[in-house]
Amino acid sequence: MSGRVGDEFQTKEIEACDHSGRLPYIHKVGKPPKQNLLKEITNVVKETFFSDDPLRSFKDKPKSKQLMLCVQAVFPIFDWGRDYSLAKFKGDLIAGLTLASLVIPQDIGYAKLANLPPQNGLYSSFVPPLVYAFMGSSRDIAIGPVAVVSLLLGDLLQAEIDPKDAIPYRRLAFTATFFAGLTQLALGFFRLGFLIEFLSHAAIVGFMGGAAITISLQQLKGLLGIQKKFTKKTDIVSVMRSVFNSAHHGWNWQTIVIAVTFLAFLLAAKHIGKRNKKYFWVPAVAPMISVVVSTFCVYITRADKDGVQIVNHIEKGINPISANDLFLSGEYVGKAFRIGVVAGIIALTEAIAIGRTFAAMKDYQIDGNKEMVALGTMNIVGSLTSCYVTTGGFARTAVNNMAGCHTVVSNMVMAGVVFLTLQLITPLFKYTPSAILASIIIAAVISLLDFEAAILIWKIDKLDFLACMGAFFGVVFISVEIGLLIAVSLSLAKILLQVTRPRTAVLGKLPMTSVYRNTLQYPEARQIPGVLIIRIDSAIYFTNSNYIKHRILRWLTEEEERVDECHLPKIQHLIVEMSPVTDIDTSGIHALEELYKNLQKREIQLGLANPCTTVMEKLYQSEFADEIGESNIFPSVGDAIHTFQPKTIITEEP
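Scope of this entry: the structure provided in the associated data block. (Residues numbered from 1 in each chain as written. Predicted model: local features only at pLDDT ≥ 70, side-chain atom pairs only at ≥ 80, totals over all residues. Heavy atoms only, no water.)

### Points about the sheet that holds strand β9 (residues 573–577)
In any sheet, the strands associate via hydrogen bonds between backbone groups, in a parallel or an antiparallel arrangement.
Right, on to step 1. A sheet is described by the order of its strands in space; here six strands give the open sequence β7-β6-β8-β9-β10-β11, paired in mixed fashion. Edge positions in the sheet fall to β7 (516–518) and β11 (633–634), since each of these pairs with one other strand and no more.
Right, on to step 2. Across three bridges, strand β6 (residues 504–509) lies against strand β8 (residues 531–536) in antiparallel orientation. Each bridged residue has a counterpart across the sheet, and for A505 the counterpart in β8 is R535. (Pairing = 2+ DSSP bridges. Helix = DSSP H or I, 4+ residues; strand = E, 2+ residues; numbered from the N terminus.)

Shown next, in the form of C-alpha cells:
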C-alpha cells in the first residue's frame, strides 16, 4: 500500500507486529523528488501575483474570442451590457436620481474639507463616475469625493501651500490626484494589490473613527458661524482652543439656529432610514431638502447681512481641462507625489473594502486588480478635468444599493444630474448657508464611528484593539497623517510580533482515540509517559528560529521538572509536530541542528512528525534528514508513538 504526507508526496509503508498480534502500519516519510528551480520560482510568482489565474478564461479560445475577452476584461461594460434590460434601467434610474439628491450637497461640503472651491466637488462627481462605469467591476459602488480622503488631502496640501493662494493650491491638488491615480493604476496593473492588505481592519476602523471626530470638529467653524481666523490644524486641542477663543465675539446665533435645526432633521432622517429599510430614501433626500429650505430661508430673510456665511458663488459649466495645470517639474512634483500616494492608497483601501462588502451581499465577485486599474484611470482622467481624488463612499453606496441599483448605470444617471446641476442650477446655491454644509458633513461622517466593530475587536483580539485605538487617538490628538502612520506601523508591528513569536503547544492523546491535541485546549488529553510532543504553529524563518529552539527547550525543562516531582518516567523522546510548518530556511535548519545536539547531550531522541514537501526537501538538501536519521521522521505523531512507545499505545487503545 501507499500513503501521502499532507496529500503532497508519496510515503512508504513498513509493517511491524505489536504484542497483541495485530499488524499496524508504520509509514516512513519518503524523500520528495527534487524540484526544478525555474518551476519553483514560477510557482511562487504565480501564487503571489496571479493567484486568481486571470488567463484561465482565455485558454483554448480562438483569437477573435480572446480579443473580445481582453476588451471585456478592461471594459466590463461590454460584458454585462449585453444582458442589460429596461427593467434594470428603471432600477438604476431611481437609484441614480436618489443618489444625486444625496451627493450634490455632500460634494459641495467635501470640497470645503479639501480647501477647494465647491464646483471642484461637483466636477468630481461628473467625469470620474462615467470613467468608472466603463471600467469598474462592482455593480453597487457609487463614485465621488468622500469625507476622509477630502480631509486628508486638504490637510496634506495646506501643509505645502496656503489655500489662499488659490491657483497654485488647486494645481497641487490636481497634480496629487494625478499621482494618486497613477499609484492605483500601477498597483492594479502590476497586480500588487496584496500590499494594501497590510493595513488591518482594526487599524482602518480606528483611523475612520478618528477621522470622523476630526471632520466633525472642523465643521464647528461653520456650525457656530465663526468668522475670525480659525486654526489650520486638525487635532482636537487646537480646534477646541480656536472655538473657545472665539466664543465672546465670534459666534453667530442665526447660524447656530440654522445648523442645529437642520442637523437634528438630518439625524432624524438617518434614524428613520436605519430603523425601516423601506424609508431608505428619507436620509438620501434629506440633505437636498435641507439645502433648498435653508437657502430659501436665508434668501428671503437676507440673513447673510446679519453675519450668516453663505456659499456665495459656484462657477457654472462643466469640468474645464486642467492638464496644463499639473506640476510636472519643479519643487512641487515630489510633494505632489508623496501626497498622491498616501491619498491614493487610502482611497483605494476604502473603495475595495466597500466593493467587496456589497459584492458579498449580492453574491458576486469583483476583481481587486481590475478595480485598482479602474479607480486609477478614473483619477488620472479626473486630474486632467479639474477633479480631485475620488473613490467609492460607503454612505452613497449604501443608498445606491437600497435604492435598487442593478449596475453602474446608476452612476451614469447621477453624473447626468450633476451635469445638469453644473449647467443650470449652480447660481441657485449662492445663498446656501455654510452652516447647512457643516450639518450635512457631520450627519454623513457619524456613520464612520463604528462602536460595534471596536467592541468586537476588543473581544476578539486585544492587539488588534491596540492598533485600532492607536490609529484613533493619533488622528484625534495629533494629525490625520500621523494617525495613518500609527495605523500602518501598528499593523506591521502585529505582523512582526506574530512572525517572531509564533505559538507552540504541548500535545496529548485524547482518550479512546488516536488523536493528539493541545493539552491546554483539551485538558482530558493525556501526555505519553517518557515522550514530550511539541507542535510549532508557524513557518520557521530567521526571524523566529532562535525563539522556537529556546521555547522547545523551555517546554522540555518544565516537563522534566514536572516528571521529577510526580516520579514519572524520564523523558526519552521529543517529537516535534510540524504539520503547521509551511516552510523553513537555513536559519531554521540550523536551529533544528542545535536542538538535536542539545537533546543528544540529554540522551533524548528527537523525532519529526508530518513535515510538508517543502520542509522535507530542505531537510534532505541540508543533510539534516541524514543526520537525524530517516527512521526518526514520521508521517504522523501516532506513527512516532508507535515506534517510540509501542507498549504504552497498545494498553491505551480501546
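### Quick look at the packing of helix α4 (residues 86–113) against helix α17 (residues 409–425)
Right, on to step 1. Where α4 contacts α17, the two axes come as close as 7 Å, and the packing angle between them is 45°. One way to sum up the angle between α4 and α17 is to call them oblique. Every pair of crossing elements has a handedness; the one defined by α4 and α17 is right-handed. Between α4 and α17, the contacting residues are F89, D92, L93, A95, G96, L97, L99, A100, V103 and I104 on the first element and V409, S410, V413, M414, V417, V418 and T421 on the second.
Right, on to step 2. For the contact of α4 with α17, the per-class residue count stands at 13 nonpolar, three polar and one charged. (Axes fitted to C-alpha atoms, helices over the stretch in contact; angles between N-to-C directions. Parallel < 35°, antiparallel > 145°, perpendicular 65-115°, else oblique. Left-handed = near helix turned anticlockwise from the far one by under 90°. Contact = heavy atoms within 4.5 Å. Nonpolar A, V, L, I, M, F, W, Y, C, P; charged D, E, K, R; others polar.)

### Here's the deal with empty space enclosed by the protein
Right, on to step 1. Inspection of every chain in the model, using the stated rule, returns four cavities of 30 Å³ or more.
Right, on to step 2. As a volume, the largest cavity reaches approximately 150 Å³.
Right, on to step 3. Along its surface, the largest cavity is lined by 15 residues, and Y110, V146, A147, F394 and A395 are the ones closest to its centre.
Right, on to step 4. The residue inventory of the lining of the largest cavity, partitioned by class, reads ten nonpolar, three polar and two charged.
Right, on to step 5. Put simply, the second largest cavity is a space of about 50 Å³.
Right, on to step 6. Looking at the second largest cavity, the residues that line it are I540, S545, I548, K549, I552, G588, A591, L592 and L595.
Right, on to step 7. Of all the elements in the fold, those that place two or more residues in the lining of the second largest cavity are α22 (545–566) and α23 (586–601). (1 Å grid on protein atoms, 1.4 Å probe; cavity = no way out; pocket = protein on both sides within 12 Å on 5 of 7 lines; lining within 4 Å. Points joined across faces, edges and corners; volume = space filled by probe spheres on them.)

### As for the packing of helix α7 (residues 147–158) against helix α9 (residues 201–218)
Right, on to step 1. Where α7 meets α9, the axes come as close as 10 Å, and the angle between the chain directions of the two elements is 70°. In this view, α7 runs roughly perpendicular relative to α9, as classed from their interaxial angle. In this structure, the crossing between α7 and α9 has a hand that is left-handed. Seen from α7, the contacting residues are A147, V148 and L151; seen from α9, they are F207, M208, A211, T214, I215 and Q218.

### Remarks on the pattern of salt bridges
Right, on to step 1. For the structure on display, the rule yields 13 salt bridges.
Right, on to step 2. Here D107 ties to R396 by a salt bridge, and the two come within 3.2 Å at their closest N and O atoms. Of this pair, D107 sits in helix α4 while R396 sits in helix α16 (residues 394–402), and the two are 289 residues apart along the sequence. R396 matches D107 in its accessibility class, with the two residues each being buried.
Right, on to step 3. Between D304 and R302 there is a salt bridge, with the nearest N and O atoms lying 3.2 Å from each other.
Right, on to step 4. A relative accessible area of 31% places R302 in the partly exposed class.
Right, on to step 5. A cluster of three or more residues bridged by salt bridges with shared partners is formed by E160, K335 and R338. (Salt bridge = Lys/Arg side-chain N within 4 Å of Asp/Glu carboxyl O. Buried < 20%, exposed > 50% of the residue type's maximum accessible area, 1.4 Å probe, protein only.)

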